[in-house]
Amino acid sequence: MHKVITSMVEYFGCDVRRINHALKVYGLASTICRCENLCEQDIEVTEIAAVLHDIGILVSEKKYGSCIGKYQELEGPAIAHAILDKLRTKPDTIARVCYLIGNHHTYTKIDGIDFQILVEADFLVNIYEDEMDEKMVKSIKEKYFKTNTGLQLLDSMFVLIS
Ligand SMILES: [Fe+2]
């Protein structure tokens, strides 16, 4: 994992805000994976995807002048693929990580516990970073949170009235 993290840091350069975002999502994703007793393979995929999930953001900004989710999803997998290939990551791990990165804002495509946990961890970080209001947090909780650990973390970090 340390090599994926150093590669991500190197790629983002002095964009410390994005580096911090990726590290926070990684920390929470890793915690949820372990509390939910995932197998080693699923933990590896989820952790790598968490570190690299927004890796397409710089190219999106350059190419389209926008960092909206759709463009990130489009550009992220190729960059992640190149990074992971260089680190000699197993092909099936790379394929799944690239699928998660390529769809991480498309919640209708959630098709596994790794994807679910990535989405929950990203929300836990974005709720704070984007200063979402209570109504929004409640709606996100109802629509997108499923794991016991994700729900516990959300309730603990963001105290909701009623
Ligand atoms: Fe994110």
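Residues numbered from 1 in each chain as written. Predicted model: local features only at pLDDT ≥ 70, side-chain atom pairs only at ≥ 80, totals over all residues. Heavy atoms only, no water.

**Student:** Mind laying out the layout of surface pockets, listing which residues take part and the relevant values?
**Tutor:** Approximately 410 Å³ is the volume found for the largest pocket. Every residue lining the largest pocket is counted, 18 residues in all, and those nearest its centre are His21, Asp54, Asp122, Asn126 and Asp130. Mapped by element, the contributors of at least two residues to the lining of the largest pocket are α2 (16-35) and α7 (113-129). In terms of residue count, the dominant contributor to the lining of the largest pocket is α7 (six residues). Taken together, the residues that form the lining of the largest pocket break down as seven nonpolar, five polar and six charged. Its boundaries defined by the atoms lining it, the second largest pocket holds a volume of some 150 Å³. (1 Å grid on protein atoms, 1.4 Å probe; cavity = no way out; pocket = protein on both sides within 12 Å on 5 of 7 lines; lining within 4 Å. Points joined across faces, edges and corners; volume = space filled by probe spheres on them. Helix = DSSP H or I, 4+ residues; strand = E, 2+ residues; numbered from the N terminus. Nonpolar A, V, L, I, M, F, W, Y, C, P; charged D, E, K, R; others polar.)

**Student:** Now, about the coordination of the iron ion: what can you tell me, with residues and values included?
**Tutor:** Of the protein atoms, only His21 (NE2), His53 (NE2), Asp54 (OD) and Asp122 (OD) coordinate the iron ion, at distances of 2.2 to 2.4 Å. Mapped onto the sequence, the donors of the iron ion take the spacing H-x31-H-D-x67-D. Taken as a pair, His21 in helix α2 and Asp54 in the loop between α3 (40-52) and α4 (57-64) lie far apart in primary sequence, 33 residues in all. For the pair shown, His21 and Asp54 are each scored as buried. (Donors = N, O, S within 2.8 Å, 3.2 Å for Na, K, Ca; no water. Buried < 20%, exposed > 50% of the residue type's maximum accessible area, 1.4 Å probe, protein only.)

**Student:** A description of the nonpolar core should follow, citing residues and the corresponding values.
**Tutor:** Most often, soluble globular proteins keep nonpolar side chains buried together rather than apart. Ranked by size, the top nonpolar core spans 46 residues in total, and within it Met8, Leu52 and Ile55 carry the most contacts. When residues of this core are traced back to their parent elements, those giving at least two are α1 (2-12), α2, α3, α5 (69-86), α6 (91-103), α7 and α8 (134-144). The greatest single-element share of this core, amounting to nine residues, is contributed by α7. With residues up to four places along the chain from it excluded, the contact list for Ile55 reads Met8, Tyr11, Phe12, Gly76, Ile79, Ala80 and Ile83. (Core = buried A, V, L, I, M, F, W, Y, C linked by side-chain atoms within 4.5 Å. Contact = heavy atoms within 4.5 Å.)

**Student:** I'd like a description of unusual backbone geometry, backed by residues and values.
**Tutor:** The backbone phi angle of Arg88 is positive, close to 55°, even though this residue is not glycine. Relative to the helices and strands, Arg88 is located in the loop between α5 and α6. For Glu131, which is not glycine, the phi dihedral falls at a positive 50°. As for its position among the elements, Glu131 is in the loop between α7 and α8.

**Student:** Quick rundown of the pattern of salt bridges? Include the residues and the values.
**Tutor:** Scanning the model with the defined rule gives eleven salt bridges in all. Residues Glu47 and Arg34 are paired through a salt bridge, measuring 2.7 Å at the closest nitrogen-oxygen approach. In this pair, Glu47 sits in helix α3 while Arg34 sits in helix α2, placing the two residues 13 residues apart along the sequence. For Glu47, a relative accessible area of 5% gives the class buried. The salt bridge partner of Glu75 is Lys63, with a shortest N-O separation of 3.1 Å. Taken together, the residues Glu75 in helix α5 and Lys63 in helix α4 connect sequence positions twelve residues apart. Given the relative accessible area of 12%, Glu75 is considered buried. Here Lys63 falls in the exposed class, since its relative accessible area comes to 55%. It is possible to trace a salt-bridge network through shared partners that takes in Asp15, Arg18 and Glu61. (Salt bridge = Lys/Arg side-chain N within 4 Å of Asp/Glu carboxyl O.)

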